[in-house]
Amino acid sequence: MADAPQISTAPGSASGPVELDEVDRAIIARLHENARTPNVDLARAVGISPSTCLARVRSLRERGVIVRYTAEINPIALGFTLQALVSVRIRPGARHLMEQISDELRREPEVAQLFFLGGTEDFLIHVRVRDSEHVRQFVLKNLSANPAVALTETNLVFEHHTALSAGLRAVI
């Protein structure tokens, strides 16, 4: 599994709020629902010509609003029937190893997402695994065996929904 993509900070990417009009917002909402929507259908849905729509989408990419297109994969179809969130606290004397630990964790095939946190915990790891034994082995091998790790807490995920957050929905 490839490393999780990072949002670009290169020129042309959004480094702050980007001004969007109603057409931009409608395009973003439609592409969020289905990034494979053909341009002709997208243009029709938002009420503009196909050439204007293509230029709008290109502008949204250039301004860093749209950073990538993805396929949402059903983990169950690949045998990953269980998801868990593992919070990790690093020992105070091992804080200098945080970047190394993060890099190592991101390379593990079970890791769907990795969050570096400010607060009590240092990392929150979203893992996709075959079963409870698999999550146990992941934690033992990658976390408990690491002397820099002070504490882990594993929570099983009963349901996982990916949707546009209410905050983003409000601005589009």
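From a predicted model like this one, the values you see are computed outputs, not experimental measurements.

S.K.: What should I look at first to understand the pairing of strand β2 (residues 111-116) in this one?
M.R.: Successive side chains on a regular strand alternate, one facing one side of the sheet and the next facing the other. Two strands pair when backbone bridges link them, and β2 and strand β3 (residues 123-129) are joined in this way by five bridges, in the antiparallel orientation. Its bridge partner being in β3, Leu114 is matched across the sheet by Ile125. Two successive antiparallel strands, β2 and β3, enclose a turn made up of six residues, where Gly119 displays a positive phi of approximately 140 degrees.

S.K.: I tried to follow the pattern of salt bridges on my own but got confused; where do I start?
M.R.: Oppositely charged side chains may form a pair once their charged atoms are brought near each other. If you walk through the whole model with that rule in mind, you get ten salt bridges. Close ionic contact of Asp24 with Arg56 constitutes a salt bridge, the shortest N to O distance being 3.0 Å. Highlighted residues: Asp24 in helix α1 (residues 22-33) and Arg56 in helix α3 (residues 50-62), separated in sequence by 32 residues. On the accessibility criterion, Asp24 (4% relative accessible area) is buried.

S.K.: Would you take a moment to explain helix α2 (residues 39-46) for this structure?
M.R.: Think of an α-helix as turning once every 3.6 residues; residues three or four places apart then point the same way. By the burial criterion, the buried members of α2 are Leu42, Ala43 and Val46. One side of α2 carries all its buried residues, which in axial view fall inside an arc of 100 degrees. Buried residues along α2 sit against α1 and α3. Positive backbone phi, approximately 80 degrees, marks Gly47, located one or two places after α2.

S.K.: It is not clear to me how the packing of α1 against α3 should be interpreted in this structure. Could you clarify?
M.R.: Packed helices, taken two at a time, are described by their axes: the angle between them and the distance between them. Relative to each other, α1 and α3 sit at 80 degrees, their axes nearing to 10 Å. As far as their axial angle goes, α3 and α1 are roughly perpendicular. Residues Val23, Asp24, Ile27, Ile28 and Leu31 of α1 pack against Cys53, Arg56, Val57 and Leu60 of α3. In terms of residue class, the contact of α1 with α3 is built from seven nonpolar, no polar and two charged.

S.K.: How do you make sense of the side chain of Asn146 when you look at a structure like this?
M.R.: Structurally, Asn146 is set in the loop between α5 (132-144) and β4 (149-157). With relative accessibility at 18%, the residue Asn146 sits in the buried group.

S.K.: For this particular structure, what's the right way to read α1?
M.R.: Given a rise of 1.5 Å per residue, twelve residues ought to cover 16 Å, and the 17 Å separating the end C-alpha atoms of α1 matches this to within 8%. Taken as a whole, α1 has its buried residues at Val23, Asp24, Ile27, Ile28 and Leu31. Down the axis of α1, the smallest arc covering the buried residues is 135 degrees, so these residues share one side. Across from the buried face of α1, at angles greater than 90 degrees, the exposed residues are Glu22 and Glu33. Those residues of α1 hidden inside the fold are in contact with α2 and α3. Its side-chain oxygen 3.1 Å from the backbone nitrogen of Val23, Asp21 forms the N-cap of α1.

S.K.: What should I look at first to understand the environment of Val135 in this one?
M.R.: With respect to the helices, strands and loops of the structure, Val135 is situated in helix α5. On the accessibility criterion, Val135 (6% relative accessible area) is buried. Between the C-alpha atoms of Val135 and Glu110, which are 25 residues apart in sequence, the distance is 8.7 Å. Sequence-distant contacts of Val135, defined by excluding residues within four places in its chain, comprise Leu82, Ala84, Val127, Val129 and Thr154.

Definitions and limits used
- Residues numbered from 1 in each chain as written.
- Predicted model: local features only at pLDDT ≥ 70, side-chain atom pairs only at ≥ 80, totals over all residues.
- Heavy atoms only, no water.
- Pairing = 2+ DSSP bridges.
- Helix = DSSP H or I, 4+ residues; strand = E, 2+ residues; numbered from the N terminus.
- Salt bridge = Lys/Arg side-chain N within 4 Å of Asp/Glu carboxyl O.
- Buried < 20%, exposed > 50% of the residue type's maximum accessible area, 1.4 Å probe, protein only.
- Arc of directions from axis to C-beta.
- Contact = heavy atoms within 4.5 Å.
- Axes fitted to C-alpha atoms, helices over the stretch in contact; angles between N-to-C directions.
- Parallel < 35°, antiparallel > 145°, perpendicular 65-115°, else oblique.
- Nonpolar A, V, L, I, M, F, W, Y, C, P; charged D, E, K, R; others polar.
- Expected span 1.5 Å × (residues − 1).
- Polar contact = N/O pair within 3.5 Å; in protein donor to acceptor, adjacent residues only side chain to side chain.

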